[in-house]
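If you want the building blocks of each chain, they are given just below.
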Amino acid sequence: MERTFMAIKPDGVQRGLVGEILRRFEAKGFTLVGLKLMHVSKELAEKHYDVHRERPFFPGLVEFITSGPLVAMVWEGDGVVASARKMIGATNPLSAEPGTIRGDFGISIGRNLIHGSDAIETAQREIALWFSSEELVSWQPAAVAWLVES
Ligand code: GTP
Ligand code: MG
């Protein structure tokens, strides 16, 4: 089953939006299979954002991601990678559509509340980077028959 990695960034935690954000993915019908509150090391932050290493915003991004607790999570469901990206919205919250997380709660690209893997292969890399296999729980919600046509 398809899985994606997401992280509620330190601004989302500080602003008390953890419950609201989890609620949206639960209500949508995706299944939570991994969840932890953590203070991210500089090493992990740099590995996670390695593709942006040469960008001018990289040092500020790493500083921000390591500045306070973050909620790391893995969600499961058909099409979850692309659907979660849609629910998160455009990178710049000022351009993000209303109804998306960034569109509803943000105004600044450097404080855009949440990360979501951008492709299935990226999700696999990020899940392995952030979670050990023991931290991931495989389970099937009892309501699945009311959610997905078999
Ligand atoms: P993530 O889910 O966090 O990876 O965001 P994204 O996939 O929508 O955007 P991208 O991977 O291109 O950029 C990673 C993160 O770097 C963004 O979420 C922003 O927080 C930050 N970022 C990207 N572009 C800029 C920029 O031009 N200025 C600043 N300050 N931050 C940026
Ligand atoms: Mg990205």
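Residues numbered from 1 in each chain as written. Chains lettered and ligands numbered in written order. Predicted model: local features only at pLDDT ≥ 70, side-chain atom pairs only at ≥ 80, totals over all residues. Heavy atoms only, no water.

- Going by what an unreviewed UniProt entry lists, the protein chain is known as Nucleoside diphosphate kinase and is assigned to Gloeomargarita lithophora Alchichica-D10.
- The UniProt entry for the protein chain carries the following comment under Cofactor (unreviewed entry): "Mg(2+)".
- Recorded in UniProt under Sequence similarities (unreviewed entry), the annotation for the protein chain is "Belongs to the NDK family." (UniProt positions renumbered as here; feature names shortened; annotations may be inferred.)

With respect to the UniProt feature "binding site: ATP" (unreviewed entry) in the protein chain
So, step 1. Listed under "binding site: ATP" (unreviewed entry) in the UniProt record, and renumbered for this structure, are K9, F57, R85, T91, R102 and N112. Narrowing the list just given to those that line the largest cavity leaves K9.
So, step 2. Mapped onto the fold, T91 is located in the loop between helix 5 (80–88) and helix 6 (101–105).
So, step 3. Given a relative accessible area of 44%, T91 falls into the partly exposed group. (1 Å grid on protein atoms, 1.4 Å probe; cavity = no way out; pocket = protein on both sides within 12 Å on 5 of 7 lines; lining within 4 Å. Helix = DSSP H or I, 4+ residues; strand = E, 2+ residues; numbered from the N terminus. Buried < 20%, exposed > 50% of the residue type's maximum accessible area, 1.4 Å probe, protein only.)

Describing helix 7 (residues 120–130)
So, step 1. Among the residues making up helix 7, those that are buried are A123, E126, I127 and W130. Along the axis of helix 7, the buried positions cluster into a sector of 105°, meaning they face one direction only. Facing away from the buried side of helix 7 by over 90 degrees, the exposed positions are E121, Q124 and A128.
So, step 2. Residues of helix 7 that are buried make contact with strand 1 (3–8), strand 2 (31–38), helix 3 (42–48), strand 3 (70–76), helix 5 and strand 4 (114–116). (Arc of directions from axis to C-beta. Contact = heavy atoms within 4.5 Å.)

Overview of the layout of surface pockets
The rolling of a water-molecule-sized probe over the atoms marks out the regions of remaining empty space.
So, step 1. Size it by volume and the largest pocket reaches roughly 600 Å³.
So, step 2. The wall of the largest pocket is formed by 23 residues, among which Y49, H52, F57, L61 and T91 lie closest to the centre.
So, step 3. At the level of elements, helix 4 (58–65), strand 4 and helix 7 are the ones that each hand at least two residues to the lining of the largest pocket.
So, step 4. Empty space within the second largest pocket amounts to approximately 310 Å³.
So, step 5. Taken together, 14 residues line the second largest pocket, and the ones lying closest to its centre are M1, G29, G77, D78 and V148.
So, step 6. Taken together, the residues that form the lining of the second largest pocket break down as seven nonpolar, four polar and three charged. (Points joined across faces, edges and corners; volume = space filled by probe spheres on them. Nonpolar A, V, L, I, M, F, W, Y, C, P; charged D, E, K, R; others polar.)

A short note on the site of ligand 1
So, step 1. Close to ligand 1 lie K9, Y49, H52, F57, L61, R85, T91, R102, I109, N112, H115 and G116.
So, step 2. For ligand 1, an oxygen atom lies 2.9 Å from a polar atom in the side chain of K9.
So, step 3. Measuring from an oxygen atom of ligand 1, one finds a side-chain N or O atom of R102 at 3.0 Å.
So, step 4. Burial of ligand 1 by the surrounding chains reaches 76%, relative to a free accessible area of 590 Å².
So, step 5. Judged by the proximity of its atoms to the pocket grid, ligand 1 belongs to the largest pocket.
So, step 6. The class makeup of the residues in the shell around ligand 1 is four nonpolar, five polar and three charged. (Near = heavy atom within 4 Å. Polar contact = N/O pair within 3.5 Å; in protein donor to acceptor, adjacent residues only side chain to side chain. Areas by Shrake-Rupley, 256 points an atom, 1.4 Å probe, with all protein chains shown as cover. Sits in = over half its atoms within 2 Å of the grid points.)

What to know about the pattern of salt bridges
So, step 1. Overall, the coordinates contain eight salt bridges when judged by the stated rule.
So, step 2. Salt-bridge contacts for E20 lead to R23; the nearest nitrogen and oxygen are separated by 3.5 Å. Of this pair, E20 and R23 are both found in helix 2 (residues 18–28), three residues apart, which corresponds to roughly one turn of the helix.
So, step 3. Under the relative-accessibility criterion, E20 is labelled partly exposed at 24%.
So, step 4. What makes R23 partly exposed here is its relative accessible area of 43%.
So, step 5. The salt bridge partner of K47 is E43, with a shortest N-O separation of 3.8 Å. One end of the pair, K47, and the other, E43, are both in helix 3, four residues apart, so they sit about a helical turn from each other.
So, step 6. According to the relative accessible area criterion, K47 is partly exposed, its value standing at 40%. (Salt bridge = Lys/Arg side-chain N within 4 Å of Asp/Glu carboxyl O.)

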